[in-house]
Amino acid sequence: MTSVPLLDVKDLSVEFRTRGGIVKALDRVDFSVEKGEMIAIVGESGSGKSVSAYTIMGILDPAGKATSGSAVFGGQDLLRAKESELRELRGREMSMIFQNPRVALNPIRRVGAQIADVLIEHGGVTRAEAPGRAIDMLKKVRIPDPERRAKAYPFELSGGMCQRIMIAIALACSPKLLIADEPTTGLDVTTQAVIMDLIAELGAAQGMSTVLITHDLGMAAEYCNRIVVMHAGHVVETAPTAELFNNPRHPYTARLIAATPRPTASLRGLASIPGSLPDLRATHIPPCRYSLRCERKTPDCDKPLPVHRQKDGALVACWNPL
Amino acid sequence: MTDQTPPKETPLLDVTALYKLFAVGKPAARFKRPVKEWLQAAGPSPKLHAVDNVNFTIARGETMGLVGESGCGKSTLVRLLTRLLDPTDGSIRLNGEEIGQMPAKGFGSSPYRPRVQMVFQDATDSLNPRYTAFDAIADPINRLKPMPSADLAKRVAELADLCGLPQALLSRFPHQLSGGQKARVGIARAIAVDPELLILDEPTAALDVSVQVVILQLLDDLKQRLGMSYLFVSHDLNVVRLLCDRVMVMYLGKIVEIGPADSVFRNPRHPYTQALLSAIPHFEPGAASARIRLGGEPRSPIDPSPNVCRFMGRCPKSIAQCETAMPHLRPMAPGHEASCHLAEPDADLVKVIA
């Protein structure tokens, strides 16, 4: 680990103020993304995957606040950057693909114009050139008949097409970092494969780093070099993909793999994960947020959580790793 | 082909030549007469072929999987079978009795209604937010098989136990329940009136993997205990493989492949099924298969040509014949049929037919 990672998130904690009390959504989250690398963040709903992404992009809900840590991107700490500085970075240096393209796109603007907007705002393209460049982007994401589709409204396009438009918008200014938040939920399996191939190919061609946020372990395995497993706002394990599946070290990771349907497993061979996520509003959250669900719990688990790091960047946060 | 055909008993559900065509761009009835006449002279309005000559059976105690992409007619087929929609043509027989001819409007009060029930995709959206779990489960009983309130309370408690829903949660409203608990309420409600056929529309799509496993195991248990048949609609082929005895694959209103789950997953014959299977992401070493990626857009389902294969344009293997003749389902292996000109039946099956 000699090179400086493109994005280095350290010790990141985020709290939300709600009527029900303070929710400790993220607690000392650590992960990094190298240049040109594709990593996945996986976990159940409520594990803090999207909150991590929103915090990095600086688009967190006003009720949420980063209380500690840093997210260094190209030498600049995003958590301490001014809004104007973030605006400069977003779109040009880092961009994001959202979960539901139909909701994320402007319903009353033609899709070509939406791509052109980004190019004019962040790409330094003139108003005269922008429509032509937008059509080039549509070609790049392999939309058939781009000249005609540029004039379409989002409702005239299928879900897969809308997601391609989102990708075109996100990649318009050749960002260094792309955060894809569940980019294929709600799409058909065949479309999902095409969209993921597209993200992977375009990313590789531009030397872009990608953070894929997903709950689908299979998809993470197929496209990513490294996987970060989150549970209730903690990073419980980080490891290279093959290592994580062959030799999971955190009990939660092992459980998650065992619960995922796969070709060789029978229905009885799958094991669920007992219990549910702890209430993150509580004032006394156990140091290991998985300990209430864990069958390997020992008295040690009530002590502050140890983080074991390996030299290849792998990490496991557990007293009794497998 | 004698020893391979299963003994002839009446299947629980027998669907033959089922069609549902939707008229699109139909002239509005409120138009003045001259306009109406002019429109009538222009010929019949174009038809969207949502379900186009679909044939299949489901045996007692069998789980049939239904897969296909959005827009392929899965939901229309489900709505026809649950009799929420009237078919354009064809028959739906439940236990040998025709239920396809009964108008959908009157089906709700027919004696057949309790026999076909459904579990909906999104447990949150399909539960009434003002009904407690108890009300939700008791509602179909009150409507279809009314009983005295003392019995009702007992029956609801029994159903909750059956579905693994703690009885203490029965007084809660949907927003106070977790995703898995809501899924259980949805299932308990569907089985409350002892259906023979349960239609499950992506019952686990919104759940996390850890909860999904429990719900799938619950469904499998219930099927064995109550002897129901399932029609399981899903996007997730790994889930279909786990739960289903047989699978049918739908593409633009037609069944393109149907057969025992083992056979279809081991040796898919239709290029669309092959593409579907190769698109499943997986993490098991050695499970990698050749990637088939579908380009292009699906053909329009509006007045499709009867002589062109529906998969034409996206099919990586298409030949000239695909544009001149519509392929039909042909036997490929015991109980396994596919509709593709290029599909090769098993060698031993060819011998048997010859």
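Residues numbered from 1 in each chain as written. Chains lettered and ligands numbered in written order. Predicted model: local features only at pLDDT ≥ 70, side-chain atom pairs only at ≥ 80, totals over all residues. Heavy atoms only, no water.

A. Region of interest: the overall build of chain A. Scanning chain A for helices and strands turns up eleven helices and twelve strands. Its C-alpha atoms give chain A a radius of gyration of 20 Å, within 12% of the compact-globule value 20 Å for 322 residues. Based on the C-alpha atoms only, the size of chain A along its principal axes is roughly 65 × 50 × 45 Å. The buried share of chain A, taken over its 322 residues, is 56%. Considering only residue pairs separated by 6 or more positions, chain A has 65% of its internal contacts joining residues 24 or more positions apart. Summing over all exposed atoms, chain A offers an accessible surface of approximately 13,900 Å²; the carbon and sulfur share of this is 53%. (Helix = DSSP H or I, 4+ residues; strand = E, 2+ residues; numbered from the N terminus. Rg over C-alpha atoms; globule rule 2.2 N^0.38 Å. Buried < 20%, exposed > 50% of the residue type's maximum accessible area, 1.4 Å probe, protein only. Contact = heavy atoms within 4.5 Å. Areas by Shrake-Rupley, 256 points an atom, 1.4 Å probe, with all protein chains shown as cover.)

B. Structural view of the pattern of salt bridges. Residues and elements named next belong to chain B. Applying the stated criterion to the full structure yields 35 salt bridges over all chains. In this structure, Arg115 engages Glu97 in a salt bridge whose closest nitrogen and oxygen atoms are separated by 3.9 Å. Linking Arg115 in the loop between helix 3 (104–107) and strand 6 (116–119) with Glu97 in strand 5 (residues 97–98), this pair joins segments that are 18 residues apart in sequence. For Arg115, a relative accessible area of 18% corresponds to the buried category. A relative accessible area of 33% means that Glu97 is categorised as partly exposed. A cluster of three or more residues bridged by salt bridges with shared partners is formed by Arg60, Glu97, Arg115 and Glu196. (Salt bridge = Lys/Arg side-chain N within 4 Å of Asp/Glu carboxyl O.)

C. Geometry of the domain arrangement of chain A. All names here are of chain A. Each domain of chain A was delimited in the assignment, giving domain 1 (33–60 + 79–93 + 176–284) and domain 2 (101–174). Centre-to-centre separation of domain 1 and domain 2, based on C-alpha positions: 26 Å. If you look at the interface, domain 1 gives 17 residues, while domain 2 gives 14 residues. Buried surface at the junction of domain 1 and domain 2, summed over both partners, amounts to about 1,400 Å²; 62% is from carbon and sulfur atoms. The largest per-residue losses of area from domain 1 upon contact with domain 2 belong to Leu198, Leu202 and Gln206, which jointly make up 33% of the total buried on that side. Between the two partners, domain 1 and domain 2, sit two salt bridges. With a shortest N-O distance of 2.7 Å, Glu201 and Arg142 are connected by a salt bridge. Sorting elements by how many residues they give to the side of domain 1 that touches domain 2 places helix 8 (residues 189–206) first, with eight residues. When its residues are assigned to classes, the side of domain 1 that touches domain 2 shows nine nonpolar, three polar and five charged. (Domains from an automatic or database assignment. Buried area = accessible area lost by both parts, 1.4 Å probe. Nonpolar A, V, L, I, M, F, W, Y, C, P; charged D, E, K, R; others polar.)

D. Structural detail: the sheet that holds strand 1 (residues 7–18) of chain A. Residue and element names in this part refer to chain A. In space, the four strands of this open sheet follow the order 2-1-4-5, with antiparallel pairing throughout. Two strands lie at the open edges of the sheet, namely strand 2 (21–33) and strand 5 (76–77), each paired on one side alone. Both strand 1 and strand 4 (residues 64–73) contribute to a ladder of eight bridges, which runs antiparallel. If you follow Leu7 over to strand 4, its bridge partner there is Phe73. (Pairing = 2+ DSSP bridges.)

E. Looking closely at the pairing of strand 8 (residues 229–233) of chain B. Residue and element names in this part refer to chain B. With five of five residues buried, strand 8 lies mostly within the body of the structure. Covered by surrounding structure in strand 8 are Ser229, Leu231 and Val233 together with Tyr230 and Phe232, the residues of both alternating faces. Inspection of the sheet shows strand 3 (residues 63–67) paired to strand 8 by four bridges, in the parallel sense. Bridge pairing links Met64 to Leu231 in strand 8. With five bridges connecting them, strand 7 (residues 197–201) and strand 8 associate as parallel partners. The residue bridging Leu200 from the neighbouring strand is Phe232, located in strand 8. The handedness of the strand 7 to strand 8 crossover, carried by helix 8 (residues 209–226), is right-handed. (Right-handed = clockwise from strand over helix to strand, strands pointing away.)

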